[in-house]
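Here is what each chain is made of, one letter per residue.
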Amino acid sequence: MGANNLNLAGLPLPARRWSPFNSIKFFVLCHSLLQLSQLLVSGYMKSSISTIERRYGLSSQKSGVLAAFNEVGNTVLIVFVSFFGSRVHRPRFIGGGALLACLASLLMAVPHFLSGPYEYTDSISSSIDNTSTVCQSENNLNTKPENQSCSQQDNPTQHVVYPLLLLGQLLLGIGAVPIQPFGISYIDDHASKKNSPLYLGLLLAATSIGPAFGFITGSIMLRFYVDFDKLSKGNIDLTPKDLRWVGAWWLGFLVASCLIFITALPYFFFPRNMPDQEDTDDVELRPDCVKKQTDPIQELSLLQFLKSFPQVALQMMRTPVYLLVILAQVNQAALLAGLATFMAKFIERQFSQTVSLSTMMIGGVCIPVAVLGTILGGVVMRRLNLSVSGASKLCTGAVLVCLFSSLPLLLLGCSTQKVDGVFPLGSGSPSCSAGCHCPQGAFNPVCGSNGVEFRSPCHAGCSSIEFDASGKPKTPSFMMILRTVPAEYKSLAVGVQYMMFRLLAFLPGPVLYGSVIDTTCILWGRKCGKQTSCLYYNLDKFRQSFLLTIVVLRRREKALQPHCKGKYELVNGNQKTTEKDSSEEKELKT
């Protein structure tokens, strides 16, 4: 028995009690569940964005800002993760960030409880038996001034709804800052070299399926009426097929908050450093005489790090392949950010599907296929043993396939229906609703016997209601980045990459798509003299503008792909072309 196992009296020490919190496998399990829960919130937010837009009368541009706002806090603080590294108690920082994300998710649901019941056309009683949106004569018209009724309906809490949602998104982004970087570094530090890739692969899988679970959760929650907690079932007249339907967008945030809270608790019991996994291969590969390579960033003070960061970042930006790959990925990330936010709305409007079905298609089909593409890219890279030049050609080919396969979508979709007085312009029939005094915000679409749609029974001239009122792969490009920067700056290079993503893609992407969608609106809703969300879109223009934005970003991504004649190696941090693989490149291939 070794001397280390004896106490001062020379007696053997008691055996160390086994604890799951000293197991890196248990940490991987906890971190996979936490990342899944945290990214579920992100996916759920995007699946509910069109419902929130309809509930609170937001434009698509405003909802795009809301969807992207969680990147603000993340972008500001992500740089410091590279500095703190292993200097702090990483599990506790992860737990603290998770609790902040839990609070943010709760905050996102608060506007529902502050707001009054959802009011839609035909739900606001007039003085004449709840017939506010049918044609009324001058004698029967409710003469209450509009500004008086608006002042009664104007709830001060309505003005804080949008700021509260923005604050929730901001805190969600801040809370997410330490979760993934600290989790990955903690696993890499304490797992064996043999098991580390497997554990990180499990984390990648959880990261990939988290948003998919968010969309699926959204599909389920949006089938419940928004005010099911405030109204009895018999008082809910709308169905999910009704254009005025608003689902329980807030419910998923409460569920996600509970999940994040439960998965955050174990992190406060993990040690700052746990015993490394024993691996005989590690002993052979890393003998006692070989010391681990030191990270130059960890040797700097905070002030030195802040001073040196711009210089190091600019040095990496001077690397041609690194810069081109980053810019190409920024275009792809902007495309994906916009699609994730508004693709469900595109399906809903273009093909007349319910919100829940549209979100289910995104979560159950689109995201899993994207994950499959990422895995396939890694498999192709490994099987074909691709160099930087080969990876560039693979990315370019994938972009071309996506580009040409997207073009036929310009012709697929429904054209805008004929709407009286709205589309086409000049198609109105004033005689139908002349003298009806239709409310400004009336919206309860009905179909006439002539095949023309009317905004409400009042606009159709109805004096009573007797009808149905419902009416691309990242793995190759990621490896290109790792192969074209100095080894000691790889972690920082990835940090700069994600910072560029957030600044140039995740932040402006949803706003860009929302602005493009708003330009295709042909009738905006009005309530108390204020513009609300869009009621009707020019569907042909919507489809063309939406898909052309995708094509433009794809073309820019293709143009920015580096075309390498040879292979690259690093000489004093700079690149030069060579016909032979560097030893580092060979190591990465295997």
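Residues numbered from 1 in each chain as written. Predicted model: local features only at pLDDT ≥ 70, side-chain atom pairs only at ≥ 80, totals over all residues. Heavy atoms only, no water.

A word on the pairing of strand S4 (residues 530-537). Here strand S3 (residues 521-527) runs beside S4; their pairing, made up of five bridges, is antiparallel. From the neighbouring strand, Arg526 faces S4, where its bridge partner is Gln531. Here S3 folds back onto S4, and the loop between the two strands holds two residues, one of which, Cys528, carries a positive phi near 55°. (Pairing = 2+ DSSP bridges. Helix = DSSP H or I, 4+ residues; strand = E, 2+ residues; numbered from the N terminus.)

What follows concerns the UniProt feature "transmembrane region" (unreviewed entry) in the chain. Under the feature "transmembrane region" (unreviewed entry), the UniProt entry names residues 65-86, 93-114, 164-187, 199-226, 246-270, 321-347, 359-382 and 394-413. Annotation note: span residues 321-347, helix share 100%, strand share 0%, distance between end C-alpha atoms 37 Å. As annotated, residues 394-413 comprises 65% helix and 0% strand, and the C-alpha atoms at either end are separated by 31 Å. (UniProt positions renumbered as here; feature names shortened; annotations may be inferred.)

Here we take up helix H12 (residues 320-350). Within H12, the axis deviates most sharply at Phe342, by approximately 50°. H12 sits mainly inside the fold: 23 of its 31 residues count as buried. Among the residues trailing H12, Ser352 stands out with phi positive, at a value near 55°. (Bend = angle between axes of the 7 residues up to and from the residue. Buried < 20%, exposed > 50% of the residue type's maximum accessible area, 1.4 Å probe, protein only.)

Moving on: the nonpolar core. Ranked by size, the top nonpolar core spans 95 residues in total, and within it Trp249 and Phe546 carry the most contacts. Setting aside residues no more than four positions away along its own chain, Phe546 makes contact with Leu339, Phe342, Met343, Phe346, Tyr513, Val516 and Ile517. (Core = buried A, V, L, I, M, F, W, Y, C linked by side-chain atoms within 4.5 Å. Contact = heavy atoms within 4.5 Å.)

It is worth spelling out the pattern of salt bridges at this point. Taken as a whole and assessed by the stated rule, the structure comprises seven salt bridges. For the salt bridge of Lys345 with Glu53, the shortest nitrogen-to-oxygen distance reads 2.5 Å. A residue pair is termed long-range when its members are at least 10 positions apart, and Lys345 in helix H12 and Glu53 in helix H1 (residues 24-56) qualify at 292 residues. Judged on exposure class, the residue Lys345 and its partner Glu53 are both buried. Salt-bridge contacts for Arg543 lead to Asp540; the nearest nitrogen and oxygen are separated by 2.8 Å. Taken together, the residues Arg543 and Asp540, both in helix H19 (residues 539-560) and three residues apart, mark about one turn of the helix. Residue classification places Arg543 among the buried residues on the basis of a relative accessible area of 5%. You can call Asp540 partly exposed: its relative accessible area is 22%. (Salt bridge = Lys/Arg side-chain N within 4 Å of Asp/Glu carboxyl O.)

So, on to the packing of aromatic side chains. Counted according to the given criterion, the structure contains 24 aromatic pairs. Taken together, a centroid distance of 5.9 Å and an interplanar angle of 80° make the contact between Tyr56 and Trp249 edge-to-face. Of this pair, Tyr56 sits in helix H1 while Trp249 is found in the loop between helix H8 (196-221) and helix H9 (251-264), placing the two residues 193 residues apart along the sequence. Aromatic pair Phe443 and Tyr536: ring centres 5.8 Å apart, planes at 80°, arrangement edge-to-face. Both residues of the pair, Phe443 and Tyr536, count as buried. Among the aromatic residues, ring-to-ring pairing joins Phe21, Phe26, Phe27, Tyr186, Tyr267, Phe269 and Phe270 into one connected group. If you follow Lys62 out to its NZ or CZ, it ends over the ring of Tyr162, 5.3 Å from the centre. (Phe/Tyr/Trp six-rings, centres within 6.5 Å; stacked < 30°, edge-to-face > 60°. Lys NZ or Arg CZ within 6 Å of the ring centre and 35° of its normal.)

One pass over the full model with this rule turns up one disulfide. The disulfide partner of Cys521 is Cys534, and the gap between their sulfur atoms is 2.1 Å. Linking Cys521 and Cys534, the disulfide has an S-S dihedral of approximately 100° and is accordingly described as right-handed. In this pair, Cys521 is assigned in strand S3 and Cys534 in strand S4, connecting sequence segments 13 residues apart. Of the two residues examined, Cys521 and Cys534, each falls in the buried class. (Disulfide = S-S within 2.5 Å.)

Considering the arrangement of structural elements, one finds Gln35 in helix H1. Judged by relative accessible area, which is 2%, Gln35 ranks as buried. In contact with Gln35, other than residues within four places in its own chain, are Ile179, Gln180, Leu203 and Thr207.

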